[in-house]
Amino acid sequence: MTTTGDLDFDACYRAVSARDARFDGRFYTAVTSTGVYCRPICPARTPASRNVRFYRLAASAEAAGFRPCKRCRPELSPGDPGWDLRGDLIGRALRLIDDGAADDTGVAGLARRLHITERHLHRLFVTELGVGPLAVARTKRLLLAKQLLTETALSVTDVAFAAGFGSVRQFNATMRETYGFTPSELRATAGGLRLERKNGRVSATVSSLSSTLSSVSGSGPDLPGAPATLRLRLHRREPYDVGGVLAFLAARAIPGLEQAGPEQYSRAVPGGTITLTPQRDHIALDVSVADTRQLARIVARCRRLLDLDADPSAIAEALGETSLAPLVAARPGLRVPGTFDGFELAVRAVVGQQISVAGARTLLGRITTRAGRLVQPDGGPLTHLFPTPEELAEADLDGLGLTTRRIATLKDVAARIVAGTIDLDGGQDPAGAVAGLLEVPGIGPWTASYIALRALRDPDAWPDGDLVLTKRMAGLGIPHDHIDRWRPWRAYAALHLWSAS
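Residues numbered from 1 in each chain as written. Predicted model: local features only at pLDDT ≥ 70, side-chain atom pairs only at ≥ 80, totals over all residues. Heavy atoms only, no water.

J.: Outline the overall build of the protein, listing residues and values.
T.: Counting its secondary structure elements, the protein contains 22 helices and 12 strands. Its C-alpha atoms give the protein a radius of gyration of 23 Å, near enough to 23 Å, the size a compact globule of 501 residues would have. Overall size of the protein, expressed as C-alpha extent along the three principal axes, is 70 × 55 × 45 Å. Across the protein, every contact between residues at least 6 apart in sequence was considered, and the portion connecting residues at least 24 apart equals 65%. Working note: accessible area of the protein is about 21,500 Å², and carbon and sulfur atoms make up 52% of it. The distance from the centre of the 61 positive side-chain charges to the centre of the 53 negative ones in the protein is 5 Å. (Helix = DSSP H or I, 4+ residues; strand = E, 2+ residues; numbered from the N terminus. Rg over C-alpha atoms; globule rule 2.2 N^0.38 Å. Contact = heavy atoms within 4.5 Å. Areas by Shrake-Rupley, 256 points an atom, 1.4 Å probe, with all protein chains shown as cover. Lys, Arg positive; Asp, Glu negative; His and termini not counted. Charge placed at Lys NZ, Arg CZ, Asp CG, Glu CD.)

J.: Residue-level account of the layout of surface pockets, with values.
T.: As a volume, the largest pocket reaches approximately 870 Å³. If you go around the largest pocket, you meet 33 residues; those closest to its centre are R252, G352, V357, W446 and D466. Of all the secondary structure elements, the ones that give two or more residues to the lining of the largest pocket are α11 (242–251), α15 (342–351), α16 (357–371), α20 (445–454), α21 (467–475) and α22 (490–499). In terms of residue count, the dominant contributor to the lining of the largest pocket is α11 (five residues). In this structure, the second largest pocket occupies an estimated 600 Å³ of space. (1 Å grid on protein atoms, 1.4 Å probe; cavity = no way out; pocket = protein on both sides within 12 Å on 5 of 7 lines; lining within 4 Å. Points joined across faces, edges and corners; volume = space filled by probe spheres on them.)

J.: Before we move on, can you summarise the packing of aromatic side chains with the specific residues and values?
T.: On inspection of all chains with the given rule, the structure shows 13 aromatic pairs. In textbook terms, an aromatic cluster arises when at least three aromatic residues are bridged by ring pairs, as seen for F9, Y13, F23, F27 and F54. Positioned above the aromatic ring of F165 is the side chain of R141, whose terminal nitrogen or guanidinium carbon lies 5.5 Å from the ring centre. Between the NZ or CZ atom of R252 and the centre of the ring of F248, over which it lies, the distance is 3.6 Å. (Phe/Tyr/Trp six-rings, centres within 6.5 Å; stacked < 30°, edge-to-face > 60°. Lys NZ or Arg CZ within 6 Å of the ring centre and 35° of its normal.)

J.: Tell me about the packing of helix α19 (residues 430–438) against α20, residues and numbers included.
T.: Closest axis-to-axis distance for the α19/α20 pair is 9 Å, and the angle between their directions is 145°. When the axes of α19 and α20 are compared, the crossing they make is right-handed. Every residue of α20 that contacts α19 at V434, L437 and L438 is listed here: P445, A448, I451 and A452. A breakdown of the residues in the contact of α19 with α20 according to their chemical character gives seven nonpolar, no polar and no charged. (Axes fitted to C-alpha atoms, helices over the stretch in contact; angles between N-to-C directions. Left-handed = near helix turned anticlockwise from the far one by under 90°. Nonpolar A, V, L, I, M, F, W, Y, C, P; charged D, E, K, R; others polar.)

J.: Tell me about the sheet that holds strand β9 (residues 258–260), residues and numbers included.
T.: Taken in spatial order, the five strands of this open sheet run β8-β12-β11-β10-β9, and their pairing is antiparallel. Where the open sheet ends on each side, the last strands, each with one partner, are β8 (228–235) and β9. Taken pair by pair, the neighbouring strands of this sheet meet at an average axis angle of 15°, ignoring direction. In the sheet, β8 pairs with strand β12 (residues 282–289) via eight bridges, with the strands oriented antiparallel. Bridge pairing links L230 to V287 in β12. (Pairing = 2+ DSSP bridges.)

J.: Run through empty space enclosed by the protein, naming residues and quoting values.
T.: Leftover empty space is mapped by rolling, across the atoms, a probe with the size of a water molecule. All chains considered together, the criterion is met by six cavities of 30 Å³ or more. By volume, the largest cavity amounts to about 840 Å³. Taken together, 41 residues line the largest cavity, and the ones lying closest to its centre are S77, G79, D98, K140 and R303. The biggest single contributor to the lining of the largest cavity is helix α7 (residues 133–151), with eight residues. Among the residues making up the lining of the largest cavity, the classes are represented as 20 nonpolar, eight polar and 13 charged. Within this model, the second largest cavity holds a volume of roughly 180 Å³.

Right, dumping it as structure tokens:
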């Protein structure tokens, strides 16, 4: 009987035997008799306990020589909520790997982003996870590639670059070495292709694709001007209050950048657009981008935007025993909407100080039009990208309805992010990022806490002094000293109160 990390073998085996969906993404089951690793919800027959090992990460199972199950598809697992909540080095490093940092700059660049040495980062990973950061990044690439091969009609070449591999040869060799089959062989068994023999040569032809497949156009990384359109599934933990998340995003949608309603959310991203549409048991992500190498980052940021990796059972269990019990019962699966970009959220928070949501939305639309890059000159709902810190720092923001002090605050935040003293996309310890934000003139505890709540994914962030929260608590007869009783889920407590009618 083998486990890694802090996993309890008996508890894990009971979860696997019951196919308990609450544990999906928390650990993986490796079966020594078959050489595969599975999700806890795998429909296959439960293996004998003597043939089972449990691993916290898919990368750990692969490093031990196991390959992913083709039935339950580990690449579809929601993220581990434990890692999503952790603000320590390991948790932050894993989030940056999800965001493609290791693919962009290598493990050395990842370590620099975390302000530690590459050797120390490797030592931390091996001590806690049993594998190094390079192995984790490789597994992330392989699992994304497996999903793309299974769910889309992208060519093998395009899949290789979209998943973060440097070459098709490297992709083929890594998949054969790790999984025992080539990308083409995987696609041939995915149910979407037909093998044909012509003139003594075997070829694979698209025949009938699953319901998750959409059409693909363009020629991939070699022709960045031709957008590729594809659909991927983003799995979530149930219950999931999709209506609450979309309503929150719709009320704050920035004109020209976003379009949101009760059925879907869309926004402009560099090189194209994305659309998120709720389905019965997942979120459909439609991506239309010129450079598919952005896919890993887009997937990770969409998961954070929709808070798909949260553990609703643990949150409800904790808050359901407090004065918030009626609100928790009324809104099962409530989530804290995140953000697609940390700097964008900081601008939203500063602009939204002491004005209505609608007023902030108007000002943010003006900022986007003035300082953001125009991507749809012919018009349409998604015309601009949100300005980068560099663009906002150089932009003329006069005449938009912002005070001189507010403009100075925005430019100060932008300059600090450009200089690297503040990192709102996962590289900095949340407490350090909040401390850095509080040094900016014009940013107080409420603004810094709101940024921590949505951009830094701090589940215990509490926007102290928020007038709406104060009024809701008074109306419900909840004493102020109950706030500490909601730890470590005060961010979710705030959303329950904001959402209360």
